[in-house]
Amino acid sequence: MGFLPPERVGEILSIADAVAFPFPGGAGEWNTSLNASQASGSFSLATTQDLSLLGYQEITNTYFSKCGDIDDLKSALRKYIGHRIKPQKKNIWGDIASAHINIYKEVIN
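Overview of the structure. Here the structure is a predicted model, which means the values were calculated and not measured.

## Re the packing of aromatic side chains
Right, on to step 1. Enumeration according to the criterion identifies four aromatic pairs in this entry.
Right, on to step 2. Relative to tyrosine 80, the ring of tyrosine 63 has its centre 6.0 Å away and its plane inclined at 35°; by these criteria the two rings are tilted. Note that tyrosine 63 is positioned in strand 4 (residues 62-66) and tyrosine 80 in helix 3 (residues 70-80), a separation of 17 residues in sequence.
Right, on to step 3. Every member of this aromatic cluster is reached through a ring pair, and the members are Phe43, Tyr56, Tyr63 and Tyr80.

## A few points about the sheet that holds strand 2 (residues 44-48)
Right, on to step 1. With mixed pairing, four strands are arranged side by side in an open sheet as 1-2-4-3. Single-partner strands in this sheet number two, and they are strand 1 (19-21) and strand 3 (55-57). In this sheet, neighbouring strand axes are inclined to one another by 20° on average, regardless of whether the strands run parallel or antiparallel.
Right, on to step 2. When strand 2 meets strand 4, the two strands line up parallel, connected through five bridges. From the neighbouring strand, serine 44 faces strand 4, where its bridge partner is threonine 62.
Right, on to step 3. Contacts from helix 3 reach strand 2, strand 3 and strand 4, with the element oriented near 165° to strand 4.

## Digging into the nonpolar core
Right, on to step 1. Within the largest apolar cluster, eight residues are counted, these being Leu13, Ala16, Val19, Phe21, Ala27, Leu34, Ala46 and Phe64.
Right, on to step 2. Those residues in contact with phenylalanine 64, other than ones at most four positions away along the chain, are Leu34, Gln38, Ala46, Thr47, Thr48, Leu53, Leu54, Gly55, Gln57 and Asp72.
Right, on to step 3. Judged by nonpolar contacts, the second largest core, of six residues, contains Tyr63, Leu73, Ala76 and Tyr80.

## Quick look at the pairing of strand 2
Right, on to step 1. Of all five residues in strand 2, five are buried, a share of seventy percent or more.
Right, on to step 2. Side-chain alternation along strand 2 places Ser44, Ala46 and Thr48 on one buried face and Leu45 and Thr47 on a second face that is also buried.
Right, on to step 3. Running through helix 2 (residues 32-40), the crossover from strand 1 to the neighbouring parallel element strand 2 is right-handed.

## Let's talk about the pattern of salt bridges
Right, on to step 1. The full count for this structure, using the stated rule, is one salt bridge.
Right, on to step 2. A salt bridge links arginine 84 to aspartate 17, with the shortest nitrogen-to-oxygen separation between them at 3.6 Å. Of this pair, arginine 84 sits in the loop between helix 3 and helix 4 (92-108) while aspartate 17 sits in the loop between helix 1 (6-14) and strand 1, and the two are 67 residues apart along the sequence.
Right, on to step 3. The exposure class of aspartate 17 is partly exposed, given its relative accessible area of 43%.

## As for the pairing of strand 4
Right, on to step 1. Summarising burial for strand 4: four of the five residues are buried, a large majority.
Right, on to step 2. The pairing of strand 3 with strand 4 spans three bridges and is antiparallel. When the sheet's bridge partners are listed, tyrosine 56 is paired in strand 4 with tyrosine 63.
Right, on to step 3. As consecutive antiparallel partners, strand 3 and strand 4 are separated by four residues, and within that stretch asparagine 61 has a phi angle of approximately 55°, a positive value.

The rules behind these values
- Residues numbered from 1 in each chain as written.
- Predicted model: local features only at pLDDT ≥ 70, side-chain atom pairs only at ≥ 80, totals over all residues.
- Heavy atoms only, no water.
- Phe/Tyr/Trp six-rings, centres within 6.5 Å; stacked < 30°, edge-to-face > 60°.
- Helix = DSSP H or I, 4+ residues; strand = E, 2+ residues; numbered from the N terminus.
- Pairing = 2+ DSSP bridges.
- Axes fitted to C-alpha atoms, helices over the stretch in contact; angles between N-to-C directions.
- Contact = heavy atoms within 4.5 Å.
- Core = buried A, V, L, I, M, F, W, Y, C linked by side-chain atoms within 4.5 Å.
- Buried < 20%, exposed > 50% of the residue type's maximum accessible area, 1.4 Å probe, protein only.
- Right-handed = clockwise from strand over helix to strand, strands pointing away.
- Salt bridge = Lys/Arg side-chain N within 4 Å of Asp/Glu carboxyl O.

What follows is the structure, given as structure tokens:
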């Protein structure tokens, strides 16, 4: 209860002008919500502790700010709101799950 199917989440994210993840501890590649937003093609705005990620990442249409830098988040939102890239239609998590199942099958057999 309370969860939407991945397809519905993708539809909702794809019509957003921006999707924000201002986490106090930062976001990263492990964050499935950020991954879903990036896959939708909508502009994603996130905080990060990884200083190598700061700024705009064209390939994912994501802007990363330092944790707690509200002024930078506001500035990036003003600049990139509504910017879109082509969505990723491929379900990478399904591929990962399938690969794990194949490994388990090989170990069992």
